[in-house]
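# Architecture at a glance
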Amino acid sequence: MASGNVVMVTGGTGLVGRGMQKVVSEDPQAKDETWIFLSSKDGDLVDRKAVDAIFEKHKPTHVIHLAARVGGLFHNMAKKVEFYRENTIMNDNIMECCRIHGVKKLVSCLSTCIFPDKTSYPIDETMLHNGPPHPSNLGYSIAKRMVDCMNHCYNEQYGCQFTSIIPTNVYGPHDNFNIQDGHVIPGLIHKCYVAKEKGEDMMLWGTGKPMRQFIFSEDLAALTVWVLREYQEIDPIILSVGEEDEVPIHDVAKMITESMDFKGKLVCDTTKSDGQFKKTASNTKLRKYKPDYKFKPIQDGIKESVDWFVKNYETARK
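To keep things clear, this report deals only with the structure shown in the data block. What you see is a predicted model, and the numbers here were worked out from it, not measured in a lab. (Residues numbered from 1 in each chain as written. Predicted model: local features only at pLDDT ≥ 70, side-chain atom pairs only at ≥ 80, totals over all residues. Heavy atoms only, no water.)

This next bit is on the overall build of the chain. The secondary structure content of the chain amounts to 10 helices and 12 strands. Relative to a compact globule of 318 residues, whose C-alpha radius of gyration would be 20 Å, the chain shows 19 Å and is just as compact. Projected onto its principal axes, the C-alpha coordinates of the chain cover approximately 55 × 40 × 40 Å. Counting the 318 residues in the chain, one finds 54% classified as buried. Counted over contacts in the chain with a minimum sequence separation of 6, partners at least 24 positions apart contribute 81%. For the chain, the computed accessible surface area is about 14,200 Å², with 50% contributed by carbon and sulfur atoms. Taking the 40 positively charged and 42 negatively charged side chains of the chain as two groups, their mean positions are separated by 3 Å. (Helix = DSSP H or I, 4+ residues; strand = E, 2+ residues; numbered from the N terminus. Rg over C-alpha atoms; globule rule 2.2 N^0.38 Å. Buried < 20%, exposed > 50% of the residue type's maximum accessible area, 1.4 Å probe, protein only. Contact = heavy atoms within 4.5 Å. Areas by Shrake-Rupley, 256 points an atom, 1.4 Å probe, with all protein chains shown as cover. Lys, Arg positive; Asp, Glu negative; His and termini not counted. Charge placed at Lys NZ, Arg CZ, Asp CG, Glu CD.)

Turning to the pairing of strand β2 (residues 34–37), a few remarks are in order. With 4 bridges connecting them, strand β1 (residues 6–10) and β2 associate as parallel partners. What sits directly across from Val6, in β2, is Thr34. (Pairing = 2+ DSSP bridges.)

Another aspect to go through is the packing of aromatic side chains. Per the counting criterion, the structure on display carries 15 aromatic pairs. The interplanar angle of 85 degrees and the centroid separation of 5.4 Å between the aromatic rings of Phe309 and Tyr313 together place this pair among those described as edge-to-face. An aromatic cluster of at least three residues, connected via ring pairs, comprises Phe177, Tyr193, Trp308, Phe309 and Tyr313. The positively charged end of Lys278 is found above the aromatic ring belonging to Tyr121, 5.5 Å away from the centroid. The ring of Tyr313 carries Lys318 above its face, with NZ or CZ at 4.4 Å from the centroid. (Phe/Tyr/Trp six-rings, centres within 6.5 Å; stacked < 30°, edge-to-face > 60°. Lys NZ or Arg CZ within 6 Å of the ring centre and 35° of its normal.)

Before going further, it helps to spend a moment on the pairing of strand β5 (residues 162–167). In terms of burial, β5 is a largely internal element, 6 of the 6 residues being buried. In β5, alternate side chains face the same way, and those of Phe162, Ser164 and Ile166 on one face and Thr163, Ile165 and Pro167 on the other are all buried. Pairing between strand β4 (residues 105–109) and β5: 4 bridges, direction parallel. The residue of β5 that forms the bridge with Val107 is Thr163. Traced from β4 through helix α5 (residues 138–158) to β5, the parallel crossover comes out right-handed. The sheet contact formed by β5 and strand β10 (residues 237–239) spans 3 bridges and is parallel. Bridged to Pro167 within β10 is Leu239. (Right-handed = clockwise from strand over helix to strand, strands pointing away.)

This next bit is on the environment of Lys144. Its location among the elements puts Lys144 in helix α5. Taking the relative accessible area as the measure of exposure, Lys144 reaches 2% and is therefore buried. Excluding its chain neighbours within four sequence positions, the residues that come into contact with Lys144 are Ala68, Cys109, Leu110 and Ile114.

Okay, the sheet that holds β10 next. The 6 strands lie next to each other as β2-β1-β3-β4-β5-β10, forming an open sheet whose pairing is parallel. The open sheet has two free edges, formed respectively by β2 and β10, since each of these has just one partner strand. Each strand axis lies, on average, 20 degrees off the axis of its neighbour in the sheet, ignoring direction. Sheet strands in contact with helix α7 (residues 217–230) are β1, β2, β3 (62–65), β4, β5 and β10, and its direction is about 155 degrees off that of β10. (Axes fitted to C-alpha atoms, helices over the stretch in contact; angles between N-to-C directions.)

The analysis is restricted to geometry; functional conclusions fall outside its scope.
Here it is as structure tokens:
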């Protein structure tokens, strides 16, 4: 990427956006570039006029699209229509404005939860459209799958350099720690904090047996910046730790209780849904490009996330 480029990041103050701000601040290459991290205060990305105004104002040469309507399992199950409509409209607005304003490259963020429910493991980038997604997050998944379809359409029709990344479960400081609507790790961190404060047992929803791969927010941010600079394919790329780093949710909960120095019991509420048992993703494609990339170990990442939440409890999103 040339100096003088203007990189605009939607969702720039969220979990991954905050990680990217830190990564960019330590990146010598970014010194000759202008990085703009948008928040919801800069405009509603579901409103086309607002998005046009944002592009007119900042005139980006490159865009990283992290913003999305997101939530955990139970929130996704309850609001399928909103998750589909808001994400579809937002993504369409960003893509079309990138085309109209001559943006050189767009990197959009997808998720491994959008892969087919009935599939073989590990999943890889070629399997994205091989069957329907899990019904629990149907609205979100279909909206996100369309990004990959439209990346190819824009490239074939207009020559646009649009691509996408597919991270596994992201966690880290600045997450949304809401117990009802948040994702696994931040929700459990908040739950453990409350249980410790009240001297109660900590409830883990479901059996704790489902397996997940987790990527620290700053690792995902660093790899996303690499995708923007170096990755030339239109096809998506999975950004994840390896298959060997997949862990049961119960083990994650134990790491959180240890990091929080929680002395109570960890109790599984098996009346609650587990969601998909596993979503093992292959990072073989990433490793062909980046064989030596070192991911932050999950114990270290969880400790950092717990410490951040405890320190910033009053102001953290929850």
